[in-house]
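If you want the building blocks of each chain, they are given just below.
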Amino acid sequence: RRNGSKPMADAVDGSPPTNSQDLTVFVQSLLEQMQGRFSQMSDQIIGRIDEMGSRIDDLEKSIGDLMEQAGVEAPAPTPPANPP
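Residues numbered from 1 in each chain as written. Predicted model: local features only at pLDDT ≥ 70, side-chain atom pairs only at ≥ 80, totals over all residues. Heavy atoms only, no water.

Caption draft 1: Region of the structure containing the overall build of the chain. Within the chain, the regular secondary structure consists of one helix and zero strands. Within the chain, the proportion of its 84 residues that are buried is 5%. By element, 57% of the accessible surface of the chain is carried by carbon and sulfur atoms, the whole surface being about 7700 Å². (Helix = DSSP H or I, 4+ residues; strand = E, 2+ residues; numbered from the N terminus. Buried < 20%, exposed > 50% of the residue type's maximum accessible area, 1.4 Å probe, protein only. Areas by Shrake-Rupley, 256 points an atom, 1.4 Å probe, with all protein chains shown as cover.)

Following this line, the structure appears as structure tokens:
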């Protein structure tokens, strides 16, 4: 068991699901937990991607500032390669 998840026996009233209704409730609860965890992880991933984007922007600015201070011109962007 991870993250405090309950085993199947704890799903409804402390005993394993014995009929289709109990099993349905258990599965529904499990799916809701999984959806919540997935949503939480997705939000964390998106937050980290946004943070990385900001850090990359800051890094590019710092590199540009350093190049300007050193009197070095930024290289011209190379055009994309044409497919054959």
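Picking up where we left off.
Caption draft 2: Spotlight on helix α1 (residues 20–70). Relative to the 75 Å expected for 51 residues at 1.5 Å per residue, α1 spans 73 Å between its end C-alpha atoms, a close match to the ideal helical length. A positive backbone phi angle near 75 degrees is found at Gly71, which sits one or two residues after α1. (Expected span 1.5 Å × (residues − 1).)

Caption draft 3: Here's a closer look at the confidence of the model for the chain. Per-residue pLDDT for the chain has a mean of 81; in total, 68% of the residues score no lower than 70. Note on residues 1–5: pLDDT under 50 across the span, and six contacts to partners over four residues away in sequence or across chains. Within the model, pLDDT remains below 50 along residues 7–12, and this stretch shows 13 contacts once partners closer than five positions in the same chain are excluded. (pLDDT = per-residue confidence, 0-100. Contact = heavy atoms within 4.5 Å.)

Caption draft 4: Layout of a nonpolar patch on the surface. A cluster of nonpolar side chains, contributed by Leu23, Val27, Leu30, Leu31 and Met34, occupies part of the molecular surface with about 430 Å² of accessible area. Structurally, Leu31 can be placed in helix α1. (Patch = residues over 30% accessible without salt bridge, like charges linked within 9 Å, V, L, I, M, F, W, Y side chains within 5 Å. Salt bridge = Lys/Arg side-chain N within 4 Å of Asp/Glu carboxyl O.)

Caption draft 5: Region of interest: the pattern of salt bridges. Inspection of every chain in the model, using the stated rule, returns two salt bridges. Ionic pairing is found between Arg55 and Glu51, a salt bridge with its closest N-O pair at 3.8 Å. Taken together, the positions of Arg55 and Glu51, both in helix α1 and four residues apart, correspond to about one turn of that helix. The exposure class assigned to Arg55 is exposed, which follows from its relative accessible area of 56%. As a salt-bridge pair, Lys61 and Asp65 come within 3.1 Å of each other at their nearest N and O atoms. Residue Lys61 and its partner Asp65 are located together in helix α1, separated by four residues, close to a single helical turn.

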